[in-house]
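# Fold and geometry: a report
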Amino acid sequence: MKRIVLASASPRRRELLSQIGVTFEVKPSDGEERITSTVPSEVVEELSRQKAMSTSEMLEKEDSSAWKECIVIGADTIVSYEGRILGKPSG
């Protein structure tokens, strides 16, 4: 079985994976998020990919060969309305 790594510190994402019985470890991405699009679906894909790549790079530095046997899950959430990205809720 491959090692599964969640590239997020989100409690909700951990909960979802646990609910479906996935054994995984958490290694949040530490990379800077860069957005180059204003299309909500493209932004969420871009941020998810960046998180997964950043965590993959961290794993490769830790062990140059073991990371190849990992599945890294990068995820992000965007809230939008009528094609416009809304900010994170306050409070």
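Let me begin by describing the structure that accompanies this report. (Residues numbered from 1 in each chain as written. Predicted model: local features only at pLDDT ≥ 70, side-chain atom pairs only at ≥ 80, totals over all residues. Heavy atoms only, no water.)

### Description of the overall build of the chain
Within the chain, the secondary structure is distributed over 2 helices and 5 strands. Starting at the N terminus, the α and β elements of the chain follow one another as β-α-β-α-β-β-β. Considering only C-alpha atoms, the chain reaches an extent of 45 × 30 × 25 Å along its principal axes. Scored against the burial criterion, the 91 residues of the chain give a buried share of 26%. Contacts spanning at least 24 positions in sequence make up 50% of the contacts within the chain whose residues lie at least 6 apart. Per element, the accessible surface of the chain, about 6,500 Å² overall, is 52% carbon and sulfur. Treating the 13 positive side-chain charges of the chain as one cloud and the 15 negative ones as another, the clouds have centres 3 Å apart. (Helix = DSSP H or I, 4+ residues; strand = E, 2+ residues; numbered from the N terminus. Buried < 20%, exposed > 50% of the residue type's maximum accessible area, 1.4 Å probe, protein only. Contact = heavy atoms within 4.5 Å. Areas by Shrake-Rupley, 256 points an atom, 1.4 Å probe, with all protein chains shown as cover. Lys, Arg positive; Asp, Glu negative; His and termini not counted. Charge placed at Lys NZ, Arg CZ, Asp CG, Glu CD.)

### Some thoughts on the pattern of salt bridges
On inspection of all chains with the given rule, the structure shows 6 salt bridges. The partner of Glu 32 in a salt bridge is Arg 34, and the shortest N-O contact between them spans 4.0 Å. In this structure Glu 32 comes out as exposed when scored by relative accessible area, which is 59%. On the basis of relative accessibility, which here comes to 53%, the residue Arg 34 falls in the exposed class. (Salt bridge = Lys/Arg side-chain N within 4 Å of Asp/Glu carboxyl O.)

### Structural notes on the sheet that holds strand 3 (residues 70–73)
Taken in spatial order, the 3 strands line up as 2-1-3 in an open sheet, and their pairing is parallel. Two strands bound the open sheet, and with one partner strand each, they are strand 2 (25–26) and strand 3. Judged from the 4 bridges that link them, strand 1 (residues 3–6) and strand 3 form a sheet pairing that is parallel. Paired with Arg 3 across the strands is Cys 70, a residue of strand 3. (Pairing = 2+ DSSP bridges.)

### A closer look at the side chain of Arg 13
Looking at where Arg 13 falls in the secondary structure, it is placed in helix 1 (residues 11–19). An unpaired buried charge is present at Arg 13: no salt bridge exists, and Asp 76, the closest side chain of opposite charge, is 5.3 Å distant. When sequence neighbours within four positions are dropped, the list of residues in contact with Arg 13 reads Leu 6, Ser 8, Ala 75, Asp 76 and Thr 77.

### As for unusual backbone geometry
Of note in the backbone geometry, Glu 82 takes a positive phi value of approximately 50 degrees without being a glycine. Residue position: Glu 82 is located in the loop between strand 4 (79–81) and strand 5 (84–86).

So, to be careful, I would describe these as geometric facts and stop short of saying anything about function.
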